Amino acid sequence: DAGVTQSPTHLIKTRGQQVTLRCSPISGHKSVSWYQQVLGQGPQFIFQYYEKEERGRGNFPDRFSARQFPNYSSELNVNALLLGDSALYLCASSLQGGAGYTFGSGTRLTVV
Amino acid sequence: GQQVMQIPQYQHVQEGEDFTTYCNSSTTLSNIQWYKQRPGGHPVFLIQLVKSGEVKKQKRLTFQFGEAKKNSSLHITATQTTDVGTYFCAPRMDSSYKLIFGSGTRLLVRP
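My aim in this report is to walk through the structure given alongside it, one point at a time.

**Considering the packing of aromatic side chains**
Point 1. Considering all chains together, one arrives at 13 aromatic pairs over all chains under this definition.
Point 2. For the ring pair A:Tyr35 and A:Phe45, a centre distance of 5.7 Å and an interplane angle of 70 degrees mean the geometry is edge-to-face. On the criterion of sequence distance, the pair formed by A:Tyr35 in strand E4 (residues 31–37) and A:Phe45 in strand E5 (residues 44–50) is long-range, its members being ten residues apart.
Point 3. The class of A:Phe45 is buried, set by a relative accessible area of 5%.
Point 4. A centroid spacing of 5.2 Å and a plane angle of 45 degrees characterise the contact between B:Tyr35 and B:Phe101, whose relative ring orientation is tilted. In this pair, B:Tyr35 is assigned in strand E4 (residues 31–37) and B:Phe101 in the loop between strand E9 (85–92) and strand E10 (105–110), connecting sequence segments 66 residues apart.
Point 5. For B:Tyr35, a relative accessible area of 0% gives the class buried.

Here it is in structure tokens:
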């Protein structure tokens, strides 16, 4: 079985632009969470979706939004990019909201 | 808000020595998960602890959940170079789906 897949793997954007990151969970997993990880720090929680509903939101500005589709895949959108948005964006899926997470390899976003 | 401290921040050990990382919360936790992240990699789920005082073992790794469910520890016996990485605790409070990661303990092992 395929693990959690994220695309793209790397991305370079200019300040002020918008970006969309994509995540496909493990087949059968209905919960998807998004994390931002800056080098040298732990993953910071952005969103969690379960059964296509938002179940949790971290302390991120409204420039960050996400959604989950009927096939449980998910997108994370970030508008008006800032230099500080440069980070590794991780998607994680789980069978249910409270189970252990399987992480994807992440999308490395660089804002210049 | 939920406060989680993980100590130490770094640990540099000689291969064969033991290693312990601690995770402390200011509030009672519903459960706690532990993850390992290799350099350049992504977090990998190790275990979930749910019950007060719970102890679980995975080969050389021993995980404990405190009696008050406010702290947890991960102990590695006789470290190997393959243990290198950052170990994160990820506690969850009741009523929240959020999984909040600690700051991590980076383990370096000298061969």
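**Some remarks on the side chain of A:Asn77**
Point 1. Examined against the element boundaries, A:Asn77 turns out to sit in strand E8 (residues 74–78).
Point 2. Of note is the side chain of A:Asn77, whose polar atom sits 2.6 Å from the side chain of A:Thr20.

**Considerations on the sheet that holds strand E8 (residues 71–76) of chain B**
All names here are of chain B.
Point 1. If you trace the five strands from one edge of the open sheet to the other, you get E1-E3-E8-E7-E6, paired in antiparallel fashion. Two strands close off the open sheet at either side, each with one partner strand: strand E1 (4–7) and strand E6 (55–58). Adjacent strand axes in the sheet meet at a mean angle of 15 degrees, parallel and antiparallel pairs treated alike.
Point 2. Pairing geometry for strand E7 (residues 61–65) and E8, over five bridges, is antiparallel.

**Things to note about unusual backbone geometry**
Trans is the prevailing form of peptide bonds, just as negative phi is the prevailing case for residues other than glycine.
Point 1. Geometrically, the link from A:Ser7 to A:Pro8 is a cis peptide bond, its omega value of -10 degrees lying close to zero.
Point 2. Looking at where A:Pro8 falls in the secondary structure, it is placed in the loop between strand E1 (5–7) and strand E2 (10–13).
Point 3. In this chain, B:Ile7 is followed by B:Pro8 through a cis amide linkage whose omega measures -5 degrees.
Point 4. Within the secondary structure, B:Pro8 sits in the loop between E1 and strand E2 (10–14).
Point 5. A positive phi is found at A:Glu51, a non-glycine position, where the angle reads about 50 degrees.
Point 6. Positive phi values are uncommon outside glycine, yet A:Ala80 reaches one of about 45 degrees.
Point 7. Note on A:Ala80: relative accessible area 36%, which makes it partly exposed.

Thresholds applied
- Throughout, residues of each chain are indexed from 1 in the direction in which the sequence is written.
- Chain labels run from A onward and ligand labels from 1 onward, assigned in the order the entries are written.
- For this predicted model, a pLDDT threshold of at least 70 governs which residues receive local features, and a threshold of 80 or more governs which side-chain atom pairs are given and counted, while totals over whole chains, interfaces and linings are taken from all residues.
- Hydrogens and waters are ignored; side-chain quantities use all the structure's heavy atoms.
- Within 6.5 Å between ring centres, the rings of Phe, Tyr and Trp (the latter by its six-membered ring) count as paired, and their orientation is classed by plane angle as stacked under 30 degrees, edge-to-face over 60, tilted in between.
- Going along the chain from the N terminus, every DSSP run of H or I of four or more residues is numbered as a helix, and every run of E of two or more is numbered as a strand.
- The buried label applies to any residue whose accessible area, calculated with a 1.4 Å probe on protein chains only, is under 20% of its type's maximum; exposed applies above 50%, and partly exposed to all values in between.
- Under this definition, polar contacts are N or O atom pairs within 3.5 Å; protein pairs additionally need one hydrogen-donor-capable and one acceptor-capable atom, and for neighbouring residues in sequence, both atoms have to be side-chain atoms.
- For two strands to count as paired, DSSP must find a minimum of two bridges between them.
- Axis angles are defined between N-to-C directions and span 0 to 180 degrees, where every axis is a line fitted to C-alpha atoms and, for a helix, only to the segment in contact.

Purely geometric numbers; function is a separate question.
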